[in-house]
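Topology and contacts: notes
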Amino acid sequence: MKRFVFSAIAFLLFGAFLTEMIRSYPGYMLLAVGGKRIEMNLWVAIGAVTFAVLLLFLAIWLLRSLFRGIEGGVSRIRFGRTRVARRRLTNGLVEFMEGNWARARRQLLKSAPRSDAPLINYLAAARSAFELGYRDEANELLAKAEASGEDTQLAVALSQARMQLLDKHYEQCIASLERAKQVEPKHPALLQLLRQAYYRLGDWNGLRELLPELEKHSNMREEDLQQLELEVYQHQLRDATSRRDVEKLRETWQGLSGRWQRHMDLRCLYAQLQHEIGDDVEAEKHLRWVLNREWRPDMARLYGCLTGADAAAQLTVADGWQKEYGDNADLLTCLGRLALRNELWGKARQYFEKSLTLRSDPATSAELARLLHALGEKEHAAKLYKDGLMLAVTDLPQLPLPGEEASLLGVQS
């Protein structure tokens, strides 16, 4: 408001000043053009010149506005469809991220012909068609994506491999990735897809060959990589055992690095598999190595089942564990079996009986029962057999039985 009042006062003062100037200094202007003389009032001439300058500036402004309007119209005609395509691409990608496959596919395909990045359109549209169950269309769109520009082979191969992986076509997935690997052998996403395909296919040999590349280029967490490596070695050892091939099992083990041969879980598994395949002498060496460093009750129990090269030495080793780790039901059962192997009947009986005082166990009851039966204590052996059987079978319903035995044999479920 103050600015308006100030401007009004200024204009009034200027008008009064101009009026006084015109009245006090009337003046005139004389122009001679080609022998012609033109006279006019000075102030009229000034007004005419000012008006002409204003008209000139107005004409220039109008021409510039006209040119800008024409240029804008041409741009709208020329680039309007491109902007629409960009908008559709953006909307299509949003729908794609939200999982609205039908709408994503429609928007992406409409914008593809005028898209600045048709590769993105076709790849996302192919995945949308795949999710909708249109497998043939998805393959056609992948072909269009590959033909949409240069250096598209890797992106197309990765997209195709992901679809094949989801379809559980693992061999085809691996074939696609192997072709792509020739283009970019160290690509992290490619290596991860190969890992998943090998893993789901159960190709542990292929996965083992891939491990060095995964370690260098896959960006996997250290703990995840170690867990994967452990699984690979476990499966390879089990595969060798399933073929009952002692030499193959040993060869697989010898092919492991020293770090993995010192891995407790893997070494325990190797000893178990050696026992399964009948190589107790080697199994005894490995279990002894493990139990000398770390107490594992399940492995101590297995140690008592092994027929090592020297039964007396085995018993001595197990006695040492008892002194180190104390009385343990599994270790006492192990000692009882080793005492039997050394024909120390009384000592074996003591170990089994002490083990049963610490924990009721069907296998230990059976071991003691057959020892007592062989020693002539058949009634005691029969009771132990019965007790062991009832421990092993825990789901008998409570049913009526004849005579006094009913209270003994009826077991609640």
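Residues numbered from 1 in each chain as written. Predicted model: local features only at pLDDT ≥ 70, side-chain atom pairs only at ≥ 80, totals over all residues. Heavy atoms only, no water.

**A closer look at the overall build of the protein**
For clarity, the cut-off: Helix and strand definitions here come from DSSP, where helices need a minimum of 4 consecutive H or I residues and strands a minimum of 2 consecutive E residues; each element is numbered from the N-terminal end. We call two residues in contact whenever any of their non-hydrogen atoms come within 4.5 Å of each other. Note on areas: Shrake-Rupley, 1.4 Å probe, and residue coverage restricted to the protein chains presented here.
Within the protein, the secondary structure is distributed over 21 helices and two strands. Contacts spanning at least 24 positions in sequence make up 48% of the contacts within the protein whose residues lie at least 6 apart. A total of about 25,600 Å² of accessible surface is found on the protein, and carbon and sulfur atoms cover 55% of it.

**Overview of the confidence of the model for the protein**
Note the cut-off: One number per residue, pLDDT, summarises how confident the predictor is, and it ranges from 0 to 100.
Residues with a pLDDT of 70 or more make up 85% of the protein, whose mean pLDDT is 84. Every residue in residues 406-413 is under pLDDT 50, and counting partners more than four places away or in other chains gives 16 contacts.

**Remarks on the nonpolar core**
Just so we agree on the cut-off: Only buried residues count toward a nonpolar core. Its members are Ala, Val, Leu, Ile, Met, Phe, Trp, Tyr and Cys residues joined through side-chain atoms within 4.5 Å. Relative accessibility under 20% of the residue-type maximum defines a buried residue, over 50% an exposed one, and the middle range a partly exposed one, all with a 1.4 Å probe and only protein chains included.
In this structure, Leu-177, Leu-190, Leu-214, Leu-237 and Leu-266 are the most contacted members of the largest nonpolar core, which totals 38 residues. Mapped by element, the contributors of at least two residues to this core are helix H6 (153-166), helix H7 (170-181), helix H8 (188-201), helix H9 (204-217), helix H10 (222-242), helix H11 (246-254) and helix H13 (264-277). A total of seven residues in this core trace back to one element, the largest contributor, which is H10. If near-sequence neighbours (up to four positions away) are discounted, Leu-266 is found in contact with Leu-230, Tyr-233, Gln-234, Leu-237, Trp-253, Leu-256 and Trp-260. By size, the runner-up hydrophobic cluster in this structure holds 33 residues, among which are Leu-287, Met-299, Tyr-303 and Ala-339.

**Overview of helix H18 (residues 345-358)**
Convention followed: The span expected for a helix works out to 1.5 Å for each residue beyond the first. Directions from the helix axis toward the C-beta atoms define the arc.
Here H18 contains 14 residues, and its C-alpha end-to-end distance of 20 Å stays within 8% of the 20 Å for a straight helix at 1.5 Å per residue. Along H18, the residues classified as buried are Ala-348, Tyr-351, Phe-352, Ser-355 and Leu-356. The arc that holds the buried residues of H18, viewed along the axis, is 130°, so those residues lie on one side. Residues of H18 that are exposed and angled more than 90 degrees away from the buried face: Gln-350 and Thr-357. Looking at the packing, one finds that the buried side of H18 touches helix H16 (311-325), helix H17 (329-341), helix H19 (362-374) and helix H20 (378-392).

**Here's the deal with the packing of aromatic side chains**
Counted only if it meets this: Centres within 6.5 Å are what make two rings of Phe, Tyr or Trp a pair, Trp counting through its six-membered ring; a difference in plane orientation under 30 degrees is then read as stacked, over 60 as edge-to-face, and the rest as tilted. We call a charge positioned above a ring when the Lys NZ or Arg CZ atom is no farther than 6 Å from the ring centre and deviates by at most 35 degrees from the ring normal.
The full count for this structure, using the stated rule, is six aromatic pairs. Look at Tyr-303 and Trp-321: their rings are 4.9 Å apart centre to centre, the planes differ by 70°, and that puts the pair in the edge-to-face class. Here Trp-321 lies in helix H16 and Tyr-303 lies in helix H15 (residues 297-303), a separation of 18 residues in the sequence. A relative accessible area of 0% places Tyr-303 in the buried class. A relative accessible area of 1% means that Trp-321 is categorised as buried. The ring of Phe-130 carries Arg-135 above its face, with NZ or CZ at 4.1 Å from the centroid.

**Quick look at H17**
For the record, the criterion: Here a polar contact means two N or O atoms within 3.5 Å. Within protein one must be a hydrogen donor candidate and the other an acceptor candidate, and residues neighboring in sequence count only if both atoms are side-chain atoms.
Helix length check: H17, at 13 residues, gives a terminal C-alpha distance of 19 Å against a target of 18 Å (1.5 Å per residue), a fit within 8%. Among the 13 residues in H17, twelve count as buried, and that is most of the element. Regarding H17, the residues found buried are Ala-329, Asp-330, Leu-331, Leu-332, Thr-333, Cys-334, Leu-335, Gly-336, Arg-337, Leu-338, Ala-339 and Leu-340. Residues of H17 that are buried make contact with H15, H16, H18 and H19. In this structure Asn-328 caps H17, since a side-chain oxygen of it lies 2.9 Å from the backbone nitrogen of Asp-330.

**Some remarks on the pattern of salt bridges**
As a reminder, the rule being used: For salt bridges, the criterion is a side-chain nitrogen of Lys or Arg within 4 Å of an Asp or Glu carboxyl oxygen.
Taken as a whole and judged by the stated rule, the model has 22 salt bridges. For Asp-387, the salt bridge is made with Lys-383, and the minimal N-O distance between the two is 2.9 Å. Within this pair, Asp-387 and its partner Lys-383 are both found in helix H20, separated by four residues, close to a single helical turn. Judged by relative accessible area, which is 47%, Lys-383 ranks as partly exposed.

**Brief notes about a positive patch on the surface**
Stated precisely, the cut-off is as follows: Patch construction takes residues with relative accessible area above 30% that form no salt bridge. Like charges are linked within 9 Å, and nonpolar side chains (Val, Leu, Ile, Met, Phe, Trp, Tyr) are linked within 5 Å. In this tally, Lys and Arg are treated as positive and Asp and Glu as negative; His is ignored, and so are the chain termini. We put the charge of a Lys on NZ, of an Arg on CZ, of an Asp on CG and of a Glu on CD.
Among the surface-exposed residues, Arg-87, Arg-88, Arg-106 and Lys-110 lie close enough to one another that they form a single positively charged patch. Broken down by secondary-structure element, the contributors of at least two residues to the positive patch are helix H2 (42-98) and helix H3 (101-111). Among the secondary structure elements, Arg-87 is positioned in helix H2.

**Quick look at a nonpolar patch on the surface**
Taken together, the side chains of Phe-51, Leu-55, Leu-58, Trp-61 and Leu-62 make up a nonpolar region of the molecular surface, amounting to roughly 550 Å² of accessible area. Along the polypeptide, Leu-55 turns up in helix H2.

**Quick look at the side chain of Ser-355**
Mapping Ser-355 onto the fold places it in helix H18. Residue class for Ser-355 comes out buried when judged on its relative accessible area of 1%. A polar contact of 3.0 Å, which involves the side chain of Ser-355, links it to the side chain of Thr-333. The residues touching Ser-355, leaving out its near neighbours within four places in the chain, are Ala-329, Leu-332, Thr-333 and Thr-364.

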